[in-house]
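Read off the chains here:
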Amino acid sequence: ELKVEQNPLFLSMQEGKNYTIYCNYSTTSDRLYWYRQDPGKSLESLFVLLSNGAVKQEGRLMASLDTKARLSTLHITAAVHDLSATYFCAALPSAGAGSYQLTFGKGTKLSVIP
Amino acid sequence: ETGVTQTPRHLVMGMTNKKSLKCEQHLGHNAMYWYKQSAKKPLELMFVYSLEERVENNSVPSRFSPECPNSSHLFLHLHTLQPEDSALYLCASSQVSMGVTEAFFGQGTRLTVV
């Protein structure tokens, strides 16, 4: 059974600072996803990481994937208040039973303070 | 309309009521999902319909009953719910073929059981 763990679960950071959210998963996974959720809203897809060493960047967010370590990171550069949200990582197991069923981490609630 | 739409957005129901949640996707995807998001637990996959196959989480109580009449529509029928079933219910869709695209989520139905 695929398990996904994120840390930290809560993150309070000052504007302008950098920080990294970590996502570990327990078994072989082909694909890793990052989502953002604002309070009371649905999940918005941020990144899809498909292979070892994949790196994607959008604005102040950069996501990477290390399949050997079973680790993905979401790096925040020079945080701004608008980035305050809950960030989820999710993984798909490699081909086989349930290979299209996303397993989510618990989420990291990010608060960016002035 | 585009994307994944869910109705109603908010629902308050008594424990003896019967109601249904509706989800419609306009993305041409061939897999649809129901997720439950509550304050105390991570996103929980309830049901998947993919390529006309239904997969369910065995921990979901029988008072939740899904229906997928075609690849664009998904329902969740609710009856004799309990207060602990109060949560945000999210519908999602994805394309399952050689690989799997990321899941696109609807806005969710905020369910309160009284």
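What comes next is a walk through the structure. Everything numeric here is computed off the predicted structure, so don't read it as measured data. (Residues numbered from 1 in each chain as written. Chains lettered and ligands numbered in written order. Predicted model: local features only at pLDDT ≥ 70, side-chain atom pairs only at ≥ 80, totals over all residues. Heavy atoms only, no water.)

### Focus: the overall build of chain A
Stated precisely, the cut-off is as follows: In this text, helices come from DSSP runs of H or I with a minimum length of four residues, and strands from runs of E with a minimum of two, each type numbered from the N-terminal end. Atoms considered for the radius of gyration are the C-alpha atoms alone. The globule rule reads 2.2 Å times the number of residues to the power 0.38. Burial classes: relative accessible area under 20% of the type maximum marks a residue as buried, over 50% as exposed, and values in between as partly exposed (1.4 Å probe, protein chains only). Should any heavy atoms of two residues lie within 4.5 Å, those residues are counted as being in contact. Method for areas: the Shrake-Rupley scheme with a 1.4 Å probe, in which residue coverage is limited to the protein chains shown. For this count, His and the chain ends are skipped, Lys and Arg are scored as positive, and Asp and Glu as negative. Taken as the charge centre is NZ of Lys, CZ of Arg, CG of Asp or CD of Glu, depending on the residue.
Scanning chain A for helices and strands turns up zero helices and 11 strands. Ordered by position from N to C terminus, the α and β elements of chain A give β-β-β-β-β-β-β-β-β-β-β. Relative to the compact-globule value of 13 Å for 114 residues, chain A shows a C-alpha radius of gyration of 14 Å, a close match. Counting over 114 residues, chain A shows a buried share of 45%. Of all intrachain contacts in chain A linking residues separated by at least 6 positions in sequence, the fraction that spans at least 24 positions is 55%. Entry remark: accessible area of chain A is about 5,700 Å², with carbon and sulfur atoms responsible for 50%. In chain A, the 11 positive side-chain charges and the 9 negative ones have mean positions that sit 3 Å from each other.

### Description of the overall build of chain B
A count of helices and strands for chain B gives zero helices and 11 strands. Ordering the α and β elements of chain B from the N terminus gives β-β-β-β-β-β-β-β-β-β-β. A globule of 114 residues ought to have a C-alpha radius of gyration of about 13 Å, and chain B, at 13 Å, matches this closely. Projecting the C-alpha coordinates of chain B onto the three principal axes gives extents of approximately 45 × 30 × 25 Å. Counting only residues that meet the buried cut, chain B has 48% of its 114 residues in that class. When contacts within chain B are restricted to residue pairs at least 6 apart in sequence, long-range pairs at least 24 apart make up 54% of them. Here chain B has roughly 5,700 Å² of accessible surface; of this, 51% comes from carbon and sulfur atoms. Between the mean site of the 10 positive side-chain charges and the mean site of the 10 negative ones, chain B shows a separation of 11 Å.

### Section: the nonpolar core
What counts is decided by this rule: By nonpolar core is meant a set of buried Ala, Val, Leu, Ile, Met, Phe, Trp, Tyr and Cys residues that side-chain atoms within 4.5 Å join together.
Of all hydrophobic cores here, the largest spans 25 residues; its most connected members are Leu 32, Trp 34, Leu 74, Ile 76, Tyr 87 and Leu 110 of chain A. Mapped by element, the contributors of at least two residues to this core are β2 (10-14), β3 (19-25), β4 (29-37), β5 (43-49), β7 (61-66), β8 (71-76), β9 (85-93) and β11 (108-113) of chain A. It is β9 of chain A that contributes the most residues to this core, four residues altogether. Membership of the second largest hydrophobic core comes to 22 residues, among which are Tyr 35 and Leu 43 of chain A together with Tyr 35 and Leu 43 of chain B.

### Concerning the interface of chain A and chain B
To be explicit about the condition: Summed over both partners, the accessible area (1.4 Å probe) lost when two parts come together is defined as the buried area. A pair is scored as a salt bridge if a Lys or Arg side-chain nitrogen falls within 4 Å of a carboxyl oxygen belonging to Asp or Glu. For the purposes of these results, a polar contact is taken to be a pair of N or O atoms within 3.5 Å, where, inside protein, one atom must be able to donate a hydrogen and its partner to accept one; residues adjacent in sequence count only when each atom of the pair is a side-chain atom. Side-chain classes are defined by residue name, with Ala, Val, Leu, Ile, Met, Phe, Trp, Tyr, Cys and Pro counting as nonpolar, Asp, Glu, Lys and Arg as charged, and the others, Gly among them, as polar.
Taken together, the contacts link 18 residues of chain A with 21 residues of chain B. A buried area of about 1,600 Å², summed over both sides, lies between chain A and chain B, and 59% of it is on carbon and sulfur atoms. Connecting chain A to chain B are zero salt bridges. Summed over the shared surface of chain A and chain B, the number is five residue pairs in polar contact (both at pLDDT 80 or more). Contributions of two or more residues to the side of chain A that touches chain B are made by β4, β5 and β9 of chain A. Sorting elements by how many residues they give to the side of chain A that touches chain B places β4 of chain A first, with four residues. Partitioned by chemical class, the residues of the side of chain A that touches chain B number nine nonpolar, six polar and three charged.

### Thoughts on the state of the cysteines
Here is the rule we go by: Sulfur atoms of two cysteines make up a disulfide when they are within 2.5 Å.
In this structure the tally under the stated criterion is two disulfides over all chains. The disulfide partner of Cys 23 of chain A is Cys 89 of chain A, and the gap between their sulfur atoms is 2.0 Å. Where Cys 23 of chain A bonds to Cys 89 of chain A through sulfur, the torsion about that S-S bond is close to 80°, and the disulfide is right-handed. Note that Cys 23 of chain A is positioned in strand β3 and Cys 89 of chain A in strand β9, a separation of 66 residues in sequence. Comparing Cys 23 of chain A with Cys 89 of chain A, the two get one shared label, buried. With its sulfur 1.9 Å from that of its partner, Cys 23 of chain B forms a disulfide with Cys 91 of chain B.

### Comments concerning the pairing of β4 of chain A
A regular strand carries its side chains on alternate faces of the sheet. Residue and element names in this part refer to chain A. Selection criterion: Any two strands are treated as partners once DSSP identifies two or more bridges connecting them.
Within β4, seven of the nine residues are buried, which leaves the element mostly enclosed by the surrounding structure. Relative to β5, β4 runs antiparallel, the two being bridged by six bridges. Looking across to β5, one finds that Trp 34 is bridged to Phe 47. Linking β4 back to β5 in an antiparallel pair, the connection comprises five residues, with Gly 40 at a positive phi of about 75°.

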